[in-house]
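Overview (structure and organization)
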Amino acid sequence: MGTDLHELLRSLRVWDVELPDFDPAAAPAAPLALFTEWLARAVAAGQTEPHTMSLATVDEDGLPDVRIVMLHGADADGWAFASHTTSRKGRQLAARPYAALDFYWPAQGRQIRLRGPVTAAPPEEGQADLHARSTGALAAALVGRQSEVLGSAEELARASDAAWERAGREPDAAAPTWTLYRLQPEEVEFFQGDARRRHMRLVYRRTGAGADWRRELLWP
């Protein structure tokens, strides 16, 4: 007997944990400090892969696209992630250098959303970031051809084996199209879920070109 999708969906529950309190009046003046605090708390709560995030872009026709990527860092220069310039997201960012990020941590009923322009770091910075990561990360970057049509699983296995061998032999091997990107947020929203559905939403909006932020609460 097949699964009844609607019955399955109705049986699911969210946030079957004790949710933390969040007082927006005590939030810091800039979002990075609060992001760092929430990430640390997500790690302490046992959230699986809290450093992964959804990256949303648009293509040349203005159609949306989204995928999961890994956060490589966050500082005054922006929230960093990496990909090949020749990948689908790389091409989309070249054509329309604006994106959105979303972190979701159900272990604490928390979500963080960011939107803003995206810039590519200098090539040497992207390569340094890649070489500071694992051998597997380098091997994956050396395979390249991300988003291209793949002829067969065997073709991927051959290319991957060759890339792993090279990554082990040449830990500083260059992956020319691998690029570090930074999203400089114009808006950052912190969402704290509430068991009684009185969810708290605090949004930071950048004022002008400086480092000043305006904070506002939003209805859930």
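Residues numbered from 1 in each chain as written. Predicted model: local features only at pLDDT ≥ 70, side-chain atom pairs only at ≥ 80, totals over all residues. Heavy atoms only, no water.

Brief notes about the pattern of salt bridges
- Under the defined criterion, the tally for this structure stands at 16 salt bridges.
- Residues Arg169 and Glu170 are paired through a salt bridge, measuring 3.1 Å at the closest nitrogen-oxygen approach.
- Take Glu170: its relative accessible area is 31%, and that puts it in the partly exposed class.
- Between Glu189 and Arg201 there is a salt bridge; the shortest N-O distance is 2.6 Å. Within this pair, whereas Glu189 is found in strand β8 (residues 187–192), its partner Arg201 is found in strand β9 (residues 200–206), the two being separated by twelve residues in sequence. Summarising the burial analysis for this pair, Glu189 and Arg201 share the class buried.
- What you see here is one network of salt bridges that share partners, running through Arg115, Glu187, Arg205, Arg214 and Glu216. (Salt bridge = Lys/Arg side-chain N within 4 Å of Asp/Glu carboxyl O. Buried < 20%, exposed > 50% of the residue type's maximum accessible area, 1.4 Å probe, protein only. Helix = DSSP H or I, 4+ residues; strand = E, 2+ residues; numbered from the N terminus.)

Things to note about the packing of aromatic side chains
- Following the criterion strictly, the structure yields ten aromatic pairs and no others.
- When the ring of Phe81 is compared with that of Tyr181, the centres are 5.6 Å apart and the planes differ by 20°; the resulting orientation is stacked. With Phe81 in strand β4 (residues 78–84) and Tyr181 in strand β7 (residues 178–183), this pair connects stretches of sequence that are 100 residues apart. Both residues of the pair, Phe81 and Tyr181, belong to the buried class. (Phe/Tyr/Trp six-rings, centres within 6.5 Å; stacked < 30°, edge-to-face > 60°.)

Considerations on unusual backbone geometry
- Even without glycine at this site, Trp15 takes up a positive phi of about 55°.
- Judged by its relative accessible area of 17%, Trp15 falls in the buried class.
- One non-glycine residue, Arg145, lies in positive phi territory at about 60°.
- Mapped onto the fold, Arg145 is located in the loop between α5 (135–143) and α6 (153–169).

Description of the side chain of Arg182
- With respect to the secondary-structure elements, Arg182 resides in strand β7.
- Classification of Arg182 as buried rests on a relative accessible area of 14%.
- Excluding its chain neighbours within four sequence positions, the residues that come into contact with Arg182 are Asp77, Gly78, Trp79, Ala80, Pro117, Val118, Thr119, Ala121 and Glu125. (Contact = heavy atoms within 4.5 Å.)

Focus: the side chain of Lys89
- The residue Lys89 is located in helix α3 (residues 88–95) in this model.
- Of note is the side chain of Lys89, whose polar atom sits 3.3 Å from the side chain of Ser83.
- Not counting chain neighbours up to four residues away, the residues in contact with Lys89 comprise Leu55, Arg67, Val69, Ala82, Ser83 and Gln146. (Polar contact = N/O pair within 3.5 Å; in protein donor to acceptor, adjacent residues only side chain to side chain.)

Observations concerning the nonpolar core
- One finds Phe103 and Ile112 to be the most contacted residues of the largest nonpolar core, which totals 27 residues.
- Non-local contacts of Phe103, meaning those with residues more than four positions away in its chain, are made with Phe35, Pro50, His51, Thr52, Met53, Leu71, Trp79, Arg110, Gln111, Ile112 and Leu114.
- Ranked by size, the runner-up nonpolar core spans 14 residues in total, among them Ala80, Leu130, Ala141 and Ala167. (Core = buried A, V, L, I, M, F, W, Y, C linked by side-chain atoms within 4.5 Å.)

So, a nonpolar patch on the surface
- Taken together, the side chains of Leu5, Leu8, Leu9 and Leu12 make up a nonpolar region of the molecular surface, amounting to roughly 390 Å² of accessible area.
- Looking at where Leu9 falls in the secondary structure, it is placed in helix α1 (residues 5–11). (Patch = residues over 30% accessible without salt bridge, like charges linked within 9 Å, V, L, I, M, F, W, Y side chains within 5 Å. Areas by Shrake-Rupley, 256 points an atom, 1.4 Å probe, with all protein chains shown as cover.)

Focus on the pairing of β4
- Burial within β4 is extensive, with seven of its seven residues counted as buried.
- Pairing geometry for strand β3 (residues 73–75) and β4, over three bridges, is antiparallel. Within β4, the residue paired with Ala74 across the bridge is Trp79.
- From the end of β3 to the start of β4, which pair antiparallel, there are two residues.
- Where β4 meets β7, six bridges bridge the pair, whose relative direction is antiparallel. The residue bridging Trp79 from the neighbouring strand is Leu183, located in β7. (Pairing = 2+ DSSP bridges.)

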